[in-house]
Amino acid sequence: MVDVVYGQVALSDAAKRLVQVVSDQNLDGTLYIGYPILTSANGAVEIDAMLISQQTGLLAFDLSNLAASNAEEDEHVVDLQDRLFAAITSKLSEEPQLVRRRQLQVPIQIVTISEESSSSFEETHIKTTDDIAHYIAGLTGIDQSKFEILNSVIERATILRPKKNRSSVQRVDSKGQKLKVIESKIANLDASQKKAAIEFPDGPQRIRGLAGSGKTIVLAMKASFLHLKNPEWRIAFTFYTRSLYQQLKGLVRRFSFEFIKDEPDWDKLKVLHAWGSSYTWGLYAEMARAASATIHDFRYASKKYGFEGAFEGVCRELLEHIHKHNIEVHPIYDVVLIDEAQDIPQPFFELVYKFTTPPHRIVYAYDELQTLNEIEMLSPEDLFGKDRQGQPNVKIENKPNSPRQDIILPVCYRNNQWSLTTAHGLGFGTAREKGLVQMFENTNIWQDIGYEVSGGSLQLGHPVSLKRSSSATPSFFSDLLSSESSVRFQRYSTPDEEYAAVANAIRKNLNEDELEHDDILVIVCDTRSIRSSGAAIMRHLSALSVNSHIVGVTESADEVFSSTSVAITHVYRAKGNEAPMVYVVGADFCYSGVNLGTLRNILFTSITRSRAWVQVTGQSDRMDALVNEYQQIKQDEFQLSFTYPSARQLRQLRTLHRDLTAEEVNTYKNDLAGLARVATMLQEGRISIDDLPDDVRAILQGIGNA
């Protein structure tokens, strides 16, 4: 089956006819419309359409010549086909595996679609759309290996190949060798990723999936592609985690060089933080300046709204400023791409809508369960606000034969099936003794993100067992790794014992497992203790002659990894980053407590930073309980078995484990302290239960009889 990817919104009649004819053929491959953009000596070359399939090889279409064929027109066609051929040949020749003895191993066919198929040049292919089916049937195909390489080159996925050659790896059974094999796999975008990266509707677009499903790569490629296709557009690529800045800008630059071998115009295409900092300009600041409003920094915002509510507070202030003063907003960007949308507050999206040129080309991508205080994103209707008539500013739908507005990326390329299932099980509490912590209200999300039903029924109020679908998990994980080595949990008696064990394991990674410093990431679960815990881990590593650093404390917050030092950080700075070997330290912090949903999401996010191996450690009885949850998931062969909550139970979960404000937390702690004092007085006989108010006594007696 041919997968059609629309690189442009408006289709010519010739393009529509071509899509229909090619779709009717029994081919396996991809038909691109308005893609790719290549480079030549005379500048960028945009291909009207290109078919890549094993049965045909590469077939490029020129759809510009719709007039009747004549000698003068044919001369123009020859020149254009020569230009397309040269650009395609140049691009394919960059891949050594497609060249042998100075000969390109993939045949290139160029066809011009015309109203008439006659031509005064025998060597020039000029066909009508009615001729295409017969022409395709006569082409010689290519073998599977060349087909995969060809796909990789056309998709621009070659930039995803490993930066490291890992020449120091010597042992055939080491972690370094296994990692080398994993990284050497040819990078090909799957069907969903191709559509997400290239297709662009005339309006908002939502891209969602699991962590590690490729959303950041997709957005970087899309930003570069849109910039090259529409160089006059003002484009912003924004994100939440500050440490991602260099990575995202580097990806955009690499994609630009893949397309046209040149830097982007950074005045037109900007990579900028959603908020910004004292030394880095952000999108919020640009919008505030455009509205002639005060630009607030984190110090002001955190003092007024608290650490968690700081960004939402200043964004809401800016919205209120615009409404209160009836400010006429002038768009400052034609396109805005938003990464890590799950961590960005709702008022920011409403602001972006106001400051983006109609038809409001806003692409936002998020990872399911990756927000650290919720498990599901707001709907597009709620996210972007409402107009003056009370109607949603944004509605998203997928229309046939058009670029999709809602794209799901179901395959997880970062996490193996064992660590991902463990992370979901602990995040939701599927094996928790006291029951679920949280759950998707929409049961279909489980299948959207790559799970399948292995038992029971995926319906509200019914028992169900879920496992990772084989189609959503790359086979190389099972080929190279095992559940025993990939996921490990360990309980220690004291923090010092835990930190010493982690340090010794890291030394083994470097000295015996043939990993490198930037292959390793240590995540401290309790954000508040990052300085003290991080310093203690550093001391143990230093005693073993291993260099390390605390991101944002001993080194800059803008870069996580170093080739000569092991990174130690908390989950808020780890988000958006990944490493082959991850140590999740102090995991008992996430077992129970106030804001339990957030605590469990911290654990989920930390585990899913791992690309191969993860070791989860902690102390105390709470760690024992967490280990028990993992063991139950493991014994169930890494399936998630639980009873799906009813609609009423889902509402109760939202209330029970919802995030409390700082004021609510203080009230809760004070109430607990008061309750403890009353309980002590009752126990010591200083007061009688009959001394309590009637309503309080009734509640306590009811609990005792339950």
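Rules used in this analysis
Per-chain numbering applies: the sequence of each chain, read as written, is numbered from 1 onward. It should be noted that, the model being predicted, local features are given only for residues of pLDDT at least 70 and side-chain atom pairs only at 80 or more, the latter also being counted only at that level, while totals for whole chains, interfaces and linings use all residues. Hydrogens and water are ignored here; the side-chain numbers use all heavy atoms of the structure. In this text, helices come from DSSP runs of H or I with a minimum length of four residues, and strands from runs of E with a minimum of two, each type numbered from the N-terminal end. Three exposure classes are used, based on accessible area relative to the maximum for each residue type with a 1.4 Å probe and protein chains only: buried under 20%, partly exposed in between, and exposed over 50%. Contacts: residue pairs with any heavy atoms within 4.5 Å of one another. Shrake-Rupley sampling with a 1.4 Å probe provides the accessible areas, and residues are treated as covered by the protein chains on show and by no other component. For a helix, the expected span equals 1.5 Å multiplied by the residue count minus one. Stacked, tilted and edge-to-face are the three classes applied to pairs of Phe, Tyr and Trp rings, where Trp contributes its six-membered ring and a pair requires centres within 6.5 Å; stacked means planes under 30 degrees apart, edge-to-face means over 60, and tilted covers the rest. Ring-over charges, as used throughout, are those where CZ of Arg or NZ of Lys falls within 6 Å of the ring centre and within 35 degrees of the ring normal. In this text, buried Ala, Val, Leu, Ile, Met, Phe, Trp, Tyr and Cys residues form a nonpolar core when linked through side-chain atoms within 4.5 Å. In this analysis, axes come from line fits to C-alpha atoms, helices being fitted only over the stretch in contact, and the angle between any two N-to-C directions falls in the range 0 to 180 degrees. When describing relative orientation, an angle under 35 degrees is termed roughly parallel and one over 145 degrees roughly antiparallel, while 65 to 115 degrees is termed roughly perpendicular and anything else oblique. For any helix crossing, the convention is left-handed if the near helix is rotated counterclockwise from the far helix by under a right angle, and right-handed if that rotation is clockwise. For this scheme, ten residues count as nonpolar: Ala, Val, Leu, Ile, Met, Phe, Trp, Tyr, Cys and Pro. Four count as charged, namely Asp, Glu, Lys and Arg, and the remainder, Gly too, count as polar. Only when DSSP finds a minimum of two bridges between them are two strands counted as paired. Salt bridge criterion: a side-chain nitrogen from Lys or Arg within 4 Å of a carboxyl oxygen from Asp or Glu. In plain terms, two cysteine sulfur atoms within 2.5 Å form what is called a disulfide here.

A.B. asks: Sorry if this is basic, but what is going on with the overall build of the protein chain here?
C.D. replies: Looking only at helices and strands, the protein chain features 24 helices and 25 strands. Out of the 706 residues belonging to the protein chain, those deemed buried represent 54%. Considering only residue pairs separated by 6 or more positions, the protein chain has 72% of its internal contacts joining residues 24 or more positions apart. Only carbon and sulfur atoms are counted for the fraction: they give 47% of the accessible area of the protein chain, which is about 31100 Å².

A.B. asks: Can you help me understand unusual backbone geometry in this one?
C.D. replies: Phi is mostly negative for residues that are not glycine, and the peptide bonds are mostly trans. Omega for the bond connecting Y35 with P36 falls within 30 degrees of zero, at 5°, which places this linkage in the cis form. If you trace the backbone, P36 turns up in the loop between β2 (29-33) and β3 (37-40). Cis geometry is found at the peptide bond from P358 to P359, where omega equals 10°. Relative to the elements of secondary structure, P359 occurs in strand β15 (residues 356-367). Its identity as a non-glycine residue notwithstanding, K261 has a phi of 55°, on the positive side. Classification of K261 as partly exposed rests on a relative accessible area of 41%.

A.B. asks: Got a minute to help me understand helix α8 (residues 245-260) in this structure?
C.D. replies: Two residues of an α-helix separated by three or four positions point the same way, owing to the 3.6 residues in each turn. For α8, spanning 16 residues, the distance from its first C-alpha to its last is 23 Å, which sits close to the expected 22 Å at 1.5 Å a residue. By the burial criterion, the buried members of α8 are L248, G250, L251, V252, F255, S256, E258 and F259. Where α8 ends, the next residue or the one after it, K261, has phi of about 55°, a positive value.

A.B. asks: What is the right way to look at the packing of aromatic side chains in this model?
C.D. replies: In this description, a pair of aromatic rings is defined by centroid distance and the angle of the planes. Within the structure shown, the criterion is met by 27 aromatic pairs. Judged by centre distance (6.2 Å) and plane angle (20°), the rings of Y364 and Y366 are stacked. Y366 gets classed as buried once you look at its relative accessible area, which sits at 4%. Each ring, one from Y630 and one from F638, has its centre 6.4 Å from the other, and the planes form 55°; the classification is tilted. Using a relative accessible area of 9% as the deciding quantity, one classes F638 as buried. Between the NZ or CZ atom of K175 and the centre of the ring of W613, over which it lies, the distance is 5.4 Å. In this arrangement the basic side chain of R468 is found over the ring face of Y451, its NZ or CZ atom lying 4.8 Å from the centre.

A.B. asks: Before we go on, may I ask you to explain helix α4 (residues 144-155) in this structure?
C.D. replies: In this model α4 runs 16 Å from its N-terminal to its C-terminal C-alpha over 12 residues, within 8% of the 16 Å that 1.5 Å per residue would give. For α4, the tally of buried residues reaches 9 of 12 residues, placing the bulk of the element in the interior. The set of residues buried in α4 consists of K146, F147, I149, L150, N151, S152, V153, I154 and E155. R156 sits one or two residues past α4 and shows a positive phi near 70°.

A.B. asks: Looking at this structure, how should I read the nonpolar core?
C.D. replies: As a rule of thumb, nonpolar side chains are buried together in soluble globular proteins. Grouped together as the largest cluster of nonpolar side chains are 86 residues, with contacts concentrated most on M439, W446, I506, Y583, V584, L603 and V616. Apart from residues lying up to four places away in sequence, W446 is in contact with H424, F428, M439, F440, Y451, L458, L466, L640 and Y644. Counting residues in hydrophobic clusters, the runner-up holds 57 residues, among them L150, L228, L251 and V271.

A.B. asks: Would you take a moment to explain the packing of helix α9 (residues 283-290) against helix α10 (residues 298-324) for this structure?
C.D. replies: Helix-helix packing is characterised by the crossing angle of the two axes and by the distance between the axes. Relative to each other, α9 and α10 sit at 20°, their axes nearing to 11 Å. Between α9 and α10, the crossing angle belongs to the class labelled roughly parallel. Here α9 and α10 pass one another in a crossing that is left-handed. Contact residues: Y284, M287 and A288 in α9; F311, V314, C315 and L318 in α10. Here the contact of α9 with α10 is built from residues that sort into 7 nonpolar, no polar and no charged.

A.B. asks: Can you walk me through the sheet that holds strand β17 (residues 451-456) in this structure?
C.D. replies: Picture the strands of a sheet paired through backbone hydrogen bonds; they go either parallel or antiparallel. One open sheet holds the 3 strands; their spatial order is β17-β18-β25, and the pairing between them is antiparallel. Edge positions in the sheet fall to β17 and β25 (640-643), since each has one partner strand and no second. Adjacent strand axes in the sheet meet at a mean angle of 30°, parallel and antiparallel pairs treated alike. Bridge count between β17 and strand β18 (residues 463-468): 5 bridges; the pairing is antiparallel.

A.B. asks: Please explain the side chain of D367 as it appears in this structure.
C.D. replies: Its place among the elements puts D367 in strand β15. In contact with D367, other than residues within four places in its own chain, are G209, L210, A211, K215 and Q342.

A.B. asks: Looking at this model, I keep getting lost on the pattern of salt bridges. Mind explaining?
C.D. replies: Side chains carrying opposite charge are able to pair once their charged atoms draw close together. Tallied over the entire structure, the rule returns 33 salt bridges. We note a salt bridge from R208 to D406, for which the minimum N-O separation is 3.2 Å. With R208 in strand β11 (residues 205-209) and D406 in strand β16 (residues 406-409), this pair connects stretches of sequence that are 198 residues apart. According to the relative accessible area criterion, R208 is buried, its value standing at 11%. One salt-bridge network, in which partners are shared between bridges, spans K91, E94, E258 and K261.

A.B. asks: In this structure, what is going on with the sheet that holds strand β20 (residues 520-524)? I would like to understand it.
C.D. replies: The sheet built from 6 strands is open, its strands ordered β19-β24-β23-β20-β22-β21 with parallel pairing. What marks the edges here is a single partner per strand, and that holds for β19 (487-492) and β21 (548-550). Looking at each pair of strands side by side, their axes are set apart by 20° on average, direction ignored. Pairing of β20 with strand β23 (residues 579-585) involves 5 bridges; the strand directions are parallel. Counted as the bridge partner of V524 is V585 from β23. Its contacts with the sheet place helix α13 (residues 417-428) against β19 and β24 (610-619), and it is angled at close to 50° to β19. Sitting on the sheet, helix α18 (residues 530-543) touches β20, β21, β22 (566-570) and β23, and the angle it makes with β21 is about 175°.

A.B. asks: Can you walk me through the packing of helix α1 (residues 13-23) against helix α3 (residues 129-137) in this structure?
C.D. replies: The geometry of α1 relative to α3 is characterised by a closest axis approach of 9 Å and an angle of 35° between their N-to-C directions. Where α1 crosses over α3, the handedness of that crossing is right-handed. In this structure, α1 uses A14, R17, L18, V21 and V22 to contact α3, whose residues at the interface are T129, I132, A133 and I136. Along the lines of polarity and charge, the residues of the contact of α1 with α3 split into 7 nonpolar, 1 polar and 1 charged.

A.B. asks: What exactly am I supposed to notice about the state of the cysteines here?
C.D. replies: Two cysteines whose sulfur atoms are joined by a covalent bond form what is called a disulfide. Counted under the stated rule, the structure contains 0 disulfides. For the unlinked cysteine C525, the closest cysteine sulfur is that of C590, found at 4.1 Å. The exposure class of C525 is buried, given its relative accessible area of 0%.

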